[in-house]
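If you want the building blocks of each chain, they are given just below.
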Amino acid sequence: MKRYAHGLVLGKFYPPHAGHHHLVRTARDRCERLTVLVCAASVESIPLEDRVAWMREVHPDADVVGAVDDIPVDLTDPAVWDAHMAVFRAAVPRRVDAVFTSEPYGAELARRFRAEAVCVDPARTVFPVSGTAVRKDPVGCWDFLEPPVRAALARRIVVIGAESTGTTTLARALARQLRARGGIWSRTGCVPEYGREFSEHRLAMLRAERPGATWSDVSFRTEDFPLIARRQAALEDAAARTGSPVLICDTDAFATTIWHERYMGAPSVEVEEVAARGHADLWLLTDHRDVPFEDDGLRDGEHLRPWMTGRFAERLTATGRRFLTLSGPHEQRLATALATVDALLADGWRLADPLPERR
């Protein structure tokens, strides 16, 4: 099998899927050096920098570069070809010996690079998937996506609420309902609340020094909350990489902003910055009404529950986050939550089409 000094794979990777990765790996096996050029039009929904980052993670042994290309596609127009080549050459200025593609335009692209054309699986028999199919139906193509793409596309549902309002119970039940559907849904994750783990550890440390200490003896520092928020976000991101198209989260960094207010008496700019980087699609707010307060040894805020419920709703509204308040008994809350998640999925991902081909 012939080997090349420098190969090129060019595509939109919108989003990258198993067929793209097969093409890149095939090219890498046959080249001393491989450049992967990711081209994106400004009308597309997934940012170029994200697609470049995903390809670099999956293919660390290739040189992955990105370029914005808003030139209309017309494979019959030499002037349009020249305009595209100016973009390609600016991004990949060195000599190219082979161009690897699965597309009909591969021969002309290689000719213009003065390189050899290598066609890889043009019939898509190895991985029967396309970017169009993924954009139309991410759920149906989920198993053709790599972890970083899954993490970006997974619908993240966050359950939040005041103390002893059933957030953990609801989050776990919602994840179980989705997993029971089988198939890819069996991998639906439920991210636990790191703040509780942190609190348990803080109380255990205090009791090691002062046996008999209770939760009322525990104190927090403002610097604790950014740590909790970052760890919560990291757990969420890790779970999204391996789960189903839906991820259930028992709280998130946004909720940590309210907990900081509850314990410190004021907002935290640092925690809010962590929360602003979140990727949640829907917040489910558990109402304190109709839920008896239970002190499990880490709670002392029964009198603050109305304030916290109101504050969550106020900040969710003010920041434009999509949310639904869940009231009534647990069974009613779970049924409403599941129907809302299904409606979110039915709405689709609404990924914009790439630039159309002119004919």
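See the structure shown above.
Conventions we followed
- Residues numbered from 1 in each chain as written.
- Predicted model: local features only at pLDDT ≥ 70, side-chain atom pairs only at ≥ 80, totals over all residues.
- Heavy atoms only, no water.
- Helix = DSSP H or I, 4+ residues; strand = E, 2+ residues; numbered from the N terminus.
- Areas by Shrake-Rupley, 256 points an atom, 1.4 Å probe, with all protein chains shown as cover.
- Lys, Arg positive; Asp, Glu negative; His and termini not counted.
- Charge placed at Lys NZ, Arg CZ, Asp CG, Glu CD.
- 1 Å grid on protein atoms, 1.4 Å probe; cavity = no way out; pocket = protein on both sides within 12 Å on 5 of 7 lines; lining within 4 Å.
- Points joined across faces, edges and corners; volume = space filled by probe spheres on them.
- Nonpolar A, V, L, I, M, F, W, Y, C, P; charged D, E, K, R; others polar.
- Pairing = 2+ DSSP bridges.
- Axes fitted to C-alpha atoms, helices over the stretch in contact; angles between N-to-C directions.
- Contact = heavy atoms within 4.5 Å.
- Buried < 20%, exposed > 50% of the residue type's maximum accessible area, 1.4 Å probe, protein only.
- Right-handed = clockwise from strand over helix to strand, strands pointing away.
- Phe/Tyr/Trp six-rings, centres within 6.5 Å; stacked < 30°, edge-to-face > 60°.
- Lys NZ or Arg CZ within 6 Å of the ring centre and 35° of its normal.

Colleague: Got a sec to walk through the overall build of the chain? Specific residues and values, please.
Modeller: Looking only at helices and strands, the chain has 13 helices and ten strands in total. Overall size of the chain, expressed as C-alpha extent along the three principal axes, is 75 × 45 × 35 Å. As presented, the chain carries roughly 17,000 Å² of accessible surface, and 52% of it is formed by carbon and sulfur atoms. Taking the 47 positively charged and 51 negatively charged side chains of the chain as two groups, their mean positions are separated by 4 Å.

Colleague: Tell me what's going on with the layout of surface pockets, and back it up with residues and numbers.
Modeller: In this structure, the largest pocket occupies an estimated 1,000 Å³ of space. Around the largest pocket, the lining is made up of 39 residues, and of these L10, G11, K12, E103 and Y105 lie nearest the centre. At the level of elements, β1 (4-11), α1 (18-29), α3 (78-91) and α5 (131-136) are the ones that each hand at least two residues to the lining of the largest pocket. Considered class by class, the residues forming the lining of the largest pocket number 20 nonpolar, eleven polar and eight charged. Size it by volume and the second largest pocket reaches roughly 780 Å³. Taken together, 38 residues make up the lining of the second largest pocket; nearest its centre are T167, T168, E193, R196 and R299. Of all the elements in the fold, those that place two or more residues in the lining of the second largest pocket are β6 (155-161), α7 (167-179), α8 (194-209), α9 (224-242) and α10 (253-264). A total of five residues in the lining of the second largest pocket trace back to one element, the largest contributor, which is α7. Residue classes in the lining of the second largest pocket are distributed as 18 nonpolar, twelve polar and eight charged.

Colleague: Tell me what's going on with the sheet that holds strand β4 (residues 98-101), and back it up with residues and numbers.
Modeller: Spatial strand order, β3-β2-β1-β4-β5: five strands in an open sheet with parallel pairing. The two strands at the open ends of the sheet, each matched to only one other strand, are β3 (63-68) and β5 (116-119). Shown here is a sheet whose adjacent strand axes are inclined to one another by a mean of 25 degrees, direction ignored. Summarising the sheet, β1 and strand β2 (residues 31-40) pair through seven bridges and their orientation is parallel. Bridge assignment links Y4 to a residue of β2, and that residue is C31. Together, β1, β2 and β4 form the strand contacts of α1, whose direction differs from that of β2 by roughly 150 degrees.

Colleague: Give me the lowdown on unusual backbone geometry, citing residues and values where you can.
Modeller: In this structure, P15 follows Y14 across a cis peptide bond, with omega equal to -10 degrees. Mapped onto the elements, P15 comes out in the loop between β1 and α1. Positive phi is not limited to glycine here, since F13 has a value of about 50 degrees. By secondary structure assignment, the location of F13 is in the loop between β1 and α1. A relative accessible area of 2% places F13 in the buried class. Positive phi, normally seen in glycine, also occurs at R350, with a value near 55 degrees.

Colleague: How would you summarise the pairing of β4 if you had to cite specific residues and measurements?
Modeller: Side-chain alternation along β4 places A98 and F100 on one buried face and V99 and T101 on a second face that is also buried. Pairing analysis gives three bridges linking β1 to β4, with the strands arranged parallel. Looking at the pairing, L8 lines up with V99 of β4. Sheet analysis places β4 next to β5, joined by four bridges and oriented parallel. Opposite F100, over in β5, you have V118 as the bridge partner. For the segment spanning β4, helix α4 (residues 106-112) and β5, crossover handedness is right-handed.

Colleague: Which residues make up the packing of aromatic side chains, and what values go with them?
Modeller: Each aromatic ring pair is specified by the distance between its two centres and by the angle formed by the two planes. Using the criterion set out here, one finds nine aromatic pairs in the structure. With a centroid separation of 6.0 Å and an interplanar angle of 85 degrees, the aromatic rings of Y4 and F100 are classed as edge-to-face. One end of the pair, Y4, is in strand β1; the other, F100, is in strand β4, and 96 residues separate them in sequence. Y4 sits in the buried class, given a relative accessible area of 5%. Note on W259 and Y263: the rings are 6.3 Å apart at their centroids and 25 degrees apart in plane angle, and the pair reads as stacked. Note that W259 and Y263 are positioned in helix α10 at a spacing of four residues, about one turn of the helix. By relative accessible area, which is 15% here, W259 ends up buried. Aromatic ring contacts, followed pair by pair, group Y194, F198, W215, F220, F225, W259 and Y263 into a single cluster. Over the ring of Y263 we find R262, and its NZ or CZ is 4.1 Å from the ring centre.

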